[in-house]
Amino acid sequence: MVTIEQRRAQKAAVMRHWRQTSKGRACTNRYVKSDKRKVAQLRYQQAARVEAVEILGGVCQCSCGCQDSRPFILEIAHKNGDGKQHREEIGASAYGMSLWVKRNSLTKRVWLLCPSCHVSWDKSHQCVGIKNSP
Ligand SMILES: [Zn+2]
Ligand SMILES: [Zn+2]
């Protein structure tokens with residue numbers, strides 16, 4: 001009669017042995033080094049970002065009309081320049097910010113800007129984009 005504990009111990013011993021063999025080690029290492037989870041995570045983050053970008057209009061919202069619509073170029077900008085404070089509030093990475101936008105889709109706090117417009121707005125609270133100049 002083999003008890004459950006005995007069977008468990010047996011299984012653990014087999015696993016231990018397997019891990020110590022070169023084949024097992026190689027397999028374990030491969031699993032550790034595997035980027036699969038990272039890739040899946042990244043994909044999920046990118047999907048959240050694309051969704052956030054869509055919620056915010058899908059193109060650069062700047063009045064200069066640059067219409068930049070590349071989701072991974074566009075930036076979630078804070079209208080009042082309180083991005084740092086906001087990030088502290090929600091303890092967020094860029095990914096967290098995407099999620100926040102999804103949850104607060106009617107937000108007036110952020111808008112979508114391409115990097116060049118973003119810099120302009122941060123510096124001078126207006127766009128000095130090429131398309132805005134005469
Ligand atoms: Zn722009
Ligand atoms: Zn602009």
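Source: prediction; values computed, not measured.

Calculation rules
- Residues numbered from 1 in each chain as written.
- Chains lettered and ligands numbered in written order.
- Predicted model: local features only at pLDDT ≥ 70, side-chain atom pairs only at ≥ 80, totals over all residues.
- Helix = DSSP H or I, 4+ residues; strand = E, 2+ residues; numbered from the N terminus.
- Buried ≥ 20, exposed ≤ 12 C-beta atoms within 10 Å, placed from the backbone.
- Contact = placed C-beta atoms within 7 Å.
- Core = buried A, V, L, I, M, F, W, Y, C linked by C-beta atoms within 7 Å.
- Arc of directions from axis to C-beta.
- Pairing = 2+ DSSP bridges.
- Axes fitted to C-alpha atoms, helices over the stretch in contact; angles between N-to-C directions.
- Parallel < 35°, antiparallel > 145°, perpendicular 65-115°, else oblique.
- Left-handed = near helix turned anticlockwise from the far one by under 90°.
- Nonpolar A, V, L, I, M, F, W, Y, C, P; charged D, E, K, R; others polar.

> Can you tell me about the overall build of the chain, naming the residues and giving the values?
Secondary structure assignment for the chain yields six helices and two strands. Helices and strands appear in the chain in the N-to-C order α-α-α-β-α-α-β-α. In the chain, which comprises 134 residues, the proportion classed as buried is 19%. A separation threshold of at least 6 residues defines the contact pool for the chain, and within that pool the share at least 24 residues apart is 66%.

> Residues and numbers for the nonpolar core, please.
Membership of the largest hydrophobic core comes to 18 residues, with the highest contact counts inside it found for L56, C60, I76, V101, L112, L113 and C117. Those elements that provide at least two residues to this core are α3 (36-55), β1 (75-78), α5 (94-103), β2 (110-113) and α6 (115-124). Leave out the neighbours within four places in its chain, and L113 touches C60, Q61, C62, L74, E75, A77, H118 and W121.

> Go over α6 with me, naming the residues and quoting the values.
The set of residues buried in α6 consists of C117, H118 and W121. For α6, the angular spread of buried residues about the axis comes to 105°, placing them on one side. When the buried face of α6 is taken as reference, the exposed residues oriented beyond 90 degrees from it are K123 and S124. Close packing links the buried residues of α6 with β1 and β2.

> Go over the pairing of β1, please, and point to the residues and values.
The alternating pattern of β1 places E75 and A77 on one face and I76 and H78 on the opposite face, and all of these are buried. The pairing of β1 with β2 spans four bridges and is antiparallel. Each residue of the ladder has a partner; that of E75, found in β2, is L113.

> With reference to specific residues and values, describe the environment of Q45.
Considering the arrangement of structural elements, one finds Q45 in helix α3. Between the alpha carbons of Q45 and G96 there is a distance of 8.9 Å; along the sequence they are 51 residues apart.

> Break down unusual backbone geometry for me, with residues and values.
For residues that are not glycine, phi is negative in most cases, and the peptide bond is trans in most cases. Of note in the backbone geometry, Q67 takes a positive phi value of approximately 55° without being a glycine. Within the fold, Q67 resides in the loop between α3 and β1. Even without a glycine there, the phi angle at H125 is positive, about 55°. Exposure remark for H125: the 10 C-beta atoms within 10 Å place this residue in the exposed category.

> How would you explain helix α4 (residues 83-90) if you had to name every residue and give the values?
Counting buried positions over the eight residues of α4 gives zero, only a small fraction of the element. At the exit of α4 stands G91, carrying a positive phi of roughly 55°.

> Please provide a residue-by-residue account of the packing of α3 against α5, values included.
Relative orientation of the contacting elements α3 and α5 amounts to 45°, with a least axis distance of 8 Å. In terms of orientation, α3 and α5 fall into the oblique class. Between α3 and α5 lies a crossing of left-handed hand. Contacts between α3 and α5 involve Q45, A48, R49, E51, A52 and I55 from the first element and Y95, S98, L99, V101 and K102 from the second. Residues that form the contact of α3 with α5 fall into these classes: six nonpolar, two polar and three charged.

None of the figures reported here should be taken as evidence of function without further support.
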